[in-house]
Amino acid sequence: MTVFEEKLSRIPETIRLSVDVPTAALATVVTKAADRPAIAIGSGGSAVAAEFLSHCRRTAGHGLTMVMTPMDLVMSDLQLHNASIWLFSAGADNPDIMAAHRAAKALKPSQIVLMTTNAEGAVTAVAQDAGDDVHVLPVADRKDGFLATHSMMAMVTALLTAFDGSVTGSWDRRDRLIEELAEGAAYTRQGSARFGKPVPFRRDDTVIILHDAFTRAVAVLLETSLWETGIAPVQRTDFRNFAHGRHVWMAKHLDRTLVAALTTLDAAPVWSAVGEALPPELRKLALEFGQGGRLRVAKGIASGLHLIADLGGVAGIDPGRPGRGDFAEAVYGSRALDDLAKAMTPQVRQKLRTRLAVDAAEDRQDGSLCVAARGRLDSLRDAEFDAIVLDYDGTLVDTERRLDAPDTKIVDELVRLAEAGIRIGIATGRGGSAGEMLRKVLPDHLHRDVVIGYYNGGHLRTLDVDIDHDAPVQDENVLEAGRWIEERGILAPEATLKVGRLQIALDKAKLADPASFAGTMALCPAVVSGGVLIRTSGHSHDVVARSCSKLAVIENLVSGLSSDDGCVLRIGDSGGEDGNDSEMLAGPFGISVGSGCGTSDGAWSLFGDASAGPDALLLILGALEVENGRARLAIERLGLDAGDQ
């Protein structure tokens, strides 16, 4: 027997060992994830187990399942807080599954599940320590050989029985399912006759695998195995996608093509229509999988292993030991993906999502976001700050509680910094209400030292000045914009329009038609002339006079510094391209505690989605260490991932 045939001969033993698997525990995990989206991760043979999970969830009526490779997950820009991530790996110790687990932890899903056959795997230990759901499955033969066999069938069997118990609420059928699958997996050297007729495969064939929605797992097994062993070049697609041009190669190489069609009963007419249209001399192999239930597909995976053995025999290749290039170990053992996973920190992931959403034509600092993030952290770590400028709503206070006073812990940090010689500036879209609140919470002796830029920096005064008695001059362009807003009915009928001297604050919740707001305001004459600008915060769109800029607060603080090399730390929450903190947060010393922008040198977060608003601000303020009137940001105190540091 070949090495591969020896492996297949003991597969029923592995399947029967599932009797010892704590199926109820796995079924509980399955049920817990039923209503959530799921991401199934696997490479090589483990990708088949990932596809089988998707099939099980689909047939059980569970939530949407995406099948990904480890690299897909590492580079994902998805927000997966409500998702379940399933990792499949026989050994749980290769660099790619390490990278996948690292990425999974960084994405903070609601559940991480690891299925493996190696209790000693590096990822097994890390996942157990992290409190993930880890399921170590028994196998009759620990060494899979070149292709995954025992590990894959152990995972398939465990999923089959767990989903059956989850759906039926009973274990009465478990032993029968295991035995039926074991009998279907029994391997004898009867060659291609097991498929009812000889497999019409030739050594130099290209194999085109056509499948329907329910036979994908078997198709992935065949595609993966034929490529990995070098038995045949292969293309996999569904019946109808094949009809959209995938047949051209076959037409040009008709005498060197085998079509393998995998279909369930309901999709059989679709295959029949395609098959009847193909040239009669084309060699075809059709395999039918009943209604495509979980057991039938699991048995199909076992039969797929048998088919691989047959095709390998024709090609003169042992699928268990096909031979590989001298470069194979270097390719397989590369830790580059794990290095990337370390570098894909929360701040990089948030920036990536924003950058991809904005999809700017070009970036002023084109290059790797991972490299840019490290450079930005280095700049923050090395800088000495003489002053700090803060946004108010969404930064000093939660947007939802913007009428409340800032948290006393934040106030205490501001007092600590100010009394140590750090100048404090506030750049806010608000009017006098911001100053009124800050005068209540900050000590009187600091009021003359705190600079506030009201109306998005359009009106600069120190905190001791009540701007109700020191109002700015009315801007005519703001009045013109106010008339436009009223004439066009931009606010809902019950809302009251308040036109300020430098700004009009439009509550997003009170717009008549939020979807048309940007388009309507783009036609406003005051906007077209550049007399007013539109700036956005968490709760409002601000129509501001062109003279208003939060940069004015920074310039005011810098002008009062005794040293020419003074730096100003800037913190806000609306760093997007149209955000009212965008200008202020651009450059190396701007930090967003909310949204960022799509450019590398624009607003960045330190914590991604992990911490935002006043919570993130408090962490930053607490990490500022002051000596001789200058503050340094102690990055190591921020609790960032090791890759951030």
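Up top you'll find the structure we're talking about.
Note that the structure is predicted; figures quoted are calculated from it, not measured.

Draft legend 1. Quick peek at the pattern of salt bridges. Per the counting criterion, the structure on display carries 28 salt bridges. For Glu 384, the salt bridge identified is with Arg 632, shortest N-O distance 3.3 Å. Of this pair, Glu 384 sits in the loop between α18 (369-382) and β10 (385-390) while Arg 632 sits in strand β21 (residues 630-633); the two residues are 248 residues apart in sequence, bridging distant segments of the chain. The class of Glu 384 is partly exposed, set by a relative accessible area of 30%. Between Asp 581 and Lys 550 there is a salt bridge, with the nearest N and O atoms lying 2.5 Å from each other. Placement of the pair is Asp 581 in the loop between β17 (567-574) and α26 (582-585) and Lys 550 in the loop between β16 (540-545) and α25 (551-559), with a sequence separation of 31 residues. You'll find Asp 581 and Lys 550 in the same group, each marked buried. Through salt bridges with shared partners, a single ionic network connects Glu 384, Asp 386, Arg 630 and Arg 632.

Draft legend 2. Structural detail: helix α20 (residues 432-441). The set of residues buried in α20 consists of Gly 432, Ala 434, Gly 435, Met 437, Leu 438 and Arg 439. On the buried face of α20, the contacting elements are β11 (423-427), β12 (451-453) and α21 (454-457).

Draft legend 3. Broad picture of the sheet that holds strand β6 (residues 206-211). On the basis of which strands lie adjacent, the open sheet formed by 4 strands has the order β7-β6-β8-β9 and parallel pairing. The strands lining the two open edges of the sheet, one partner per strand, are β7 (234-238) and β9 (283-288). Looking at each pair of strands side by side, their axes are set apart by 15° on average, direction ignored. Both β6 and strand β8 (residues 257-263) contribute to a ladder of 6 bridges, which runs parallel.

Draft legend 4. How the structure looks around the sheet that holds β16. Read from one edge of the open sheet, 3 strands run β14-β16-β15, paired in antiparallel fashion. Looking along the sheet, the strands with just one partner apiece sit at the ends: β14 (503-507) and β15 (532-536). Across the sheet, the mean angle from the axis of one strand to that of its neighbour is 20°, orientation sign disregarded. Relative to β16, β14 runs antiparallel, the two being bridged by 5 bridges. Looking at β16, one finds that Asp 507 is bridged to Ser 540. In the packing of helix α22 (residues 476-487) onto the sheet, contacts are made with β14, β15 and β16, and the angle to β14 comes to roughly 30°.

Draft legend 5. Looking closely at the environment of Ser 89. Relative to the elements of secondary structure, Ser 89 occurs in the loop between β3 (84-88) and α6 (95-107). Between the alpha carbons of Ser 89 and Gly 313 there is a distance of 28 Å; along the sequence they are 224 residues apart. Apart from the residues lying within four places of it in its own chain, the contact partners of Ser 89 are Ser 46, Asn 94, Ile 97, Met 115, Thr 116, Thr 117 and Met 155.

Draft legend 6. Region of interest: the nonpolar core. Of all hydrophobic cores here, the largest spans 71 residues; its most connected members are Trp 86, Phe 88 and Ile 301. Excluding residues within four positions of it along the chain, Trp 86 makes contact with Leu 26, Val 29, Val 30, Ala 38, Ile 39, Ala 40, Ile 41, Leu 53, Val 113, Met 115 and Leu 159. If you look at the next biggest cluster of nonpolar residues, it comprises 68 residues, including Val 411, Val 450, Ile 620 and Leu 624.

Criteria and thresholds
- Residues numbered from 1 in each chain as written.
- Predicted model: local features only at pLDDT ≥ 70, side-chain atom pairs only at ≥ 80, totals over all residues.
- Heavy atoms only, no water.
- Salt bridge = Lys/Arg side-chain N within 4 Å of Asp/Glu carboxyl O.
- Helix = DSSP H or I, 4+ residues; strand = E, 2+ residues; numbered from the N terminus.
- Buried < 20%, exposed > 50% of the residue type's maximum accessible area, 1.4 Å probe, protein only.
- Contact = heavy atoms within 4.5 Å.
- Pairing = 2+ DSSP bridges.
- Axes fitted to C-alpha atoms, helices over the stretch in contact; angles between N-to-C directions.
- Core = buried A, V, L, I, M, F, W, Y, C linked by side-chain atoms within 4.5 Å.

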